[in-house]
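Listed below are the residues making up each chain.
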Amino acid sequence: MKSIVLTGIKPTGTPHIGNYVGAIKQAIEMSENSEYDNFYFIADYHSLNALKTSEELKTYTKELACTWLACGLNPEKVVFYRQSRIPETTELCWILMNVTPKGLMDRAHAYKASVQANLEKGADADDGVNMGLYNYPILMAADILLFNTKFVPVGQDQKQHVEMARDIAKYFNKKYGYTFVVPQEKIQEESATLLGLDGRKMSKSYGNQIPLFCDEGTLKKLISSIKTDSSLPTEPKSTNCVLFDYIKVFGSPEKINEMEKRFAEGISWADAKKELFEMANEYIKPMREKYNYYMEHFDEVESLLKLGEEKARVIAKETLERARKAVGVID
Ligand code: TRP
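Every value quoted in this text rests on a predicted model; they were computed, and no experiment measured them. (Residues numbered from 1 in each chain as written. Predicted model: local features only at pLDDT ≥ 70, side-chain atom pairs only at ≥ 80, totals over all residues. Heavy atoms only, no water.)

J.: Just checking my understanding: could you explain the site of the ligand for this structure?
T.: Near the ligand, the surroundings consist of 14 residues, among which Lys10, His46, Tyr136, Asp143 and Gln158 are the closest. With respect to the ligand, the side chain of tyrosine 136 contributes an N or O atom lying 2.6 Å from a nitrogen atom. A distance of 2.7 Å is found between a nitrogen atom of the ligand and a side-chain nitrogen or oxygen belonging to aspartate 143. Contact with the protein chains removes 92% of the 360 Å² of surface that the ligand exposes when unbound. Of all the secondary-structure elements, those providing two or more residues to the shell around the ligand are β1 (3–9), α8 (136–146) and β4 (151–154). By residue class, the composition of the shell around the ligand is 8 nonpolar, 4 polar and 2 charged. (Near = heavy atom within 4 Å. Polar contact = N/O pair within 3.5 Å; in protein donor to acceptor, adjacent residues only side chain to side chain. Areas by Shrake-Rupley, 256 points an atom, 1.4 Å probe, with all protein chains shown as cover. Helix = DSSP H or I, 4+ residues; strand = E, 2+ residues; numbered from the N terminus. Nonpolar A, V, L, I, M, F, W, Y, C, P; charged D, E, K, R; others polar.)

What follows is the structure, given as structure tokens:
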């Protein structure tokens, strides 16, 4: 049997270039490797604690589904689904809660960051913290364990969550006998490097993102707003900058080489940005066309998701039954 690779993305915003480079691109490349069976999903329940309205959830879920497909996910090769359509996930989550020490959740980075921020502003430690945030890692463990996952490709920021899923699997197996495959993270290094327009981490709250499928005009405008140093037009430029990081994403090896030379010789920032726009636009254009198509024909996407959901539930039911037997609620 092939090893299972599984990863999810939560629909909390319009997909941007950082999401593409950090997660989607590599996940799709991995799915082309026939060594594995791949499960890729939209973690809609995970985004509930971050979103304000149901409309946002609907919009971002639709955009994310169309993005996966536009970027080349092949639904015949990958089991592609929405987390919320697999009710076995939340049932398993409850079972897993009972082998998860509270102390483990207290140590989760996201929870600790909220507590820290509260304390710094003199608020109650748990101000604004709901149980969805607190239990987030257990739901993620359920996502992973439900499908007998061996490898979980994620960015560095999710490493701790996968480690927790591994701990939870081990606690369960120890208490009830071997039930779950013990998963392992596969850290995607590149994801750490693609920064936002202003050189800070790409984040909705900084407004420094480039939406992956914005129109050409917007793409051009955003690229021209990338922050650069104050070296004069003819001075040599350092390739150690955000602009060059983007060139490395979108340029062919030859183009990257050429740009390295031109940076050393002293290309103006304006010309460098023009070059980057051409590269990025050429790269993104075919995907953008597919994206716009799927956005307008969402019924097609919907049927692909349903197909994936049917496939996913066959395995989900098997695993859940194993867990239910292990704990003793069924014989
Ligand atoms: N927490 C992940 C993120 O924020 C999304 C996610 C949910 C996930 N469940 C998962 C990733 C299971 C990998 C495996 O990006």
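J.: What is the right way to look at the nonpolar core in this model?
T.: Note that soluble globular proteins tend to have their nonpolar side chains buried in a common cluster. Core analysis: the biggest nonpolar cluster contains 59 residues, and Ile17, Trp68, Ile210, Tyr246, Phe250 and Phe263 have the highest contact counts within it. Top element by residues in this core is helix α13 (residues 269–296). It accounts for 10 residues. Here isoleucine 210 is in contact with His16, Ile17, Leu197, Met202, Leu219, Leu222, Ile223 and Tyr246, once residues within four sequence places are set aside. By size, the runner-up hydrophobic cluster in this structure holds 44 residues, among which are Leu6, Phe41, Val99 and Ala142. (Core = buried A, V, L, I, M, F, W, Y, C linked by side-chain atoms within 4.5 Å. Buried < 20%, exposed > 50% of the residue type's maximum accessible area, 1.4 Å probe, protein only. Contact = heavy atoms within 4.5 Å.)

J.: What's the story with the state of the cysteines in this structure? I'm lost.
T.: Here a disulfide denotes one covalent bond, and it connects the sulfur atoms of two cysteines. If you walk through the whole model with that rule in mind, you get 0 disulfides. Of the cysteine sulfurs around cysteine 241, a residue in no disulfide, the closest is that of cysteine 214, at 20 Å. (Disulfide = S-S within 2.5 Å.)

J.: It is not clear to me how the side chain of threonine 179 should be interpreted in this structure. Could you clarify?
T.: In this structure, threonine 179 sits in the loop between α9 (159–176) and β5 (184–187). Here the side chain of threonine 179 touches glycine 177 through a polar contact of 2.8 Å, landing on its backbone oxygen. Dropping the residues within four chain positions of it, threonine 179 is found in contact with Phe172, Asn173, Arg322, Ala323 and Ala326.

J.: Is there a simple way to think about unusual backbone geometry in this case?
T.: Comment: phi is negative for the bulk of residues other than glycine, and the bulk of peptide bonds are trans. One non-glycine residue, asparagine 148, adopts positive backbone phi at about 55°. You can see asparagine 148 is positioned in the loop between α8 and β4. Of the residues examined, asparagine 148 reaches a relative accessible area of 17% and is grouped as buried.

J.: In this structure, what is going on with the pairing of strand β3 (residues 78–82)? I would like to understand it.
T.: Moving residue by residue along a regular strand, the side chains alternate between the two faces of the sheet. Here β3 lies mainly inside the structure; 5 of its 5 residues are buried. Looking at chain direction, strand β2 (residues 36–42) and β3 are connected through 5 bridges and run parallel. Bridging across to β3, phenylalanine 41 finds its partner in tyrosine 81. (Pairing = 2+ DSSP bridges.)

J.: I keep staring at helix α1 (residues 17–31) and nothing clicks. Help me out?
T.: An α-helical turn contains 3.6 residues, so a residue and the one three or four places further along point in the same direction. Look at α1: 20 Å from first C-alpha to last across 15 residues, which is about the 21 Å you get at 1.5 Å a residue. The axis of α1 is deflected most strongly, by about 35°, at isoleucine 24. Looking at α1, one finds that the buried residues are Ile17, Gly18, Tyr20, Val21, Gly22, Ile24, Gln26, Ala27, Ile28, Met30 and Ser31. (Expected span 1.5 Å × (residues − 1). Bend = angle between axes of the 7 residues up to and from the residue.)

J.: Sorry, what's going on with the domain arrangement of the protein chain here?
T.: Accessible area lost on assembly of the parts is the figure often given for the size of an interface. As assigned here, the protein chain comprises domain 1 (4–193 + 298–327) and domain 2 (213–292). Spacing between the C-alpha centres of domain 1 and domain 2 amounts to 33 Å. Residue-level contacts link 12 residues of domain 1 with 10 residues of domain 2. Of all residues in domain 1, Ile17, Tyr20 and Ala70 give up the largest surface area on contact with domain 2, accounting jointly for 50% of the area buried on that side. Between the two partners, domain 1 and domain 2, sit 0 salt bridges. The interface formed by domain 1 and domain 2 includes 1 residue pair in polar contact (both at pLDDT 80 or more). Counting residues per element, the side of domain 1 that touches domain 2 draws most heavily on helix α3 (residues 54–70), which supplies 5 residues. (Domains from an automatic or database assignment. Buried area = accessible area lost by both parts, 1.4 Å probe. Salt bridge = Lys/Arg side-chain N within 4 Å of Asp/Glu carboxyl O.)

J.: Teacher, can you tell me more about the pairing of β5 here?
T.: Of the strand pairs in this sheet, β4 and β5 are connected by 4 bridges, and their pairing is parallel. Note on β5: the bridge partner recorded for proline 153 is lysine 186. As a crossover connection, the stretch from β4 through α9 into β5 is right-handed. (Right-handed = clockwise from strand over helix to strand, strands pointing away.)

J.: How do you make sense of the packing of α8 against α9 when you look at a structure like this?
T.: With their axes 9 Å apart at the nearest point, α8 and α9 run at an angle of 70° to one another. On the basis of the axis angle, α8 is roughly perpendicular to α9. Only His161, Val162, Met164, Ala165, Ile168 and Ala169 of α9 make contact with α8, whose side of the interface consists of Tyr136, Pro137, Ile138, Met140, Ala141, Ile144 and Leu145. Each residue belonging to the contact of α8 with α9 can be placed in one class, and the counts come to 12 nonpolar, 1 polar and no charged. (Axes fitted to C-alpha atoms, helices over the stretch in contact; angles between N-to-C directions. Parallel < 35°, antiparallel > 145°, perpendicular 65-115°, else oblique.)

J.: Explain the pattern of salt bridges here, please?
T.: Opposite charge on two side chains permits them to pair, given that their charged atoms come into close proximity. According to the stated counting rule, one finds 19 salt bridges in the structure shown. Among the ionic pairs, arginine 166 bridges to glutamate 185, the shortest N-O distance being 3.0 Å. Taken together, the residues arginine 166 in helix α9 and glutamate 185 in strand β5 connect sequence positions 19 residues apart. When its relative accessible area of 19% is taken as the criterion, arginine 166 is described as buried. Take glutamate 185: its relative accessible area is 17%, and that puts it in the buried class. Among the ionic pairs, arginine 200 bridges to aspartate 198, the shortest N-O distance being 3.0 Å.

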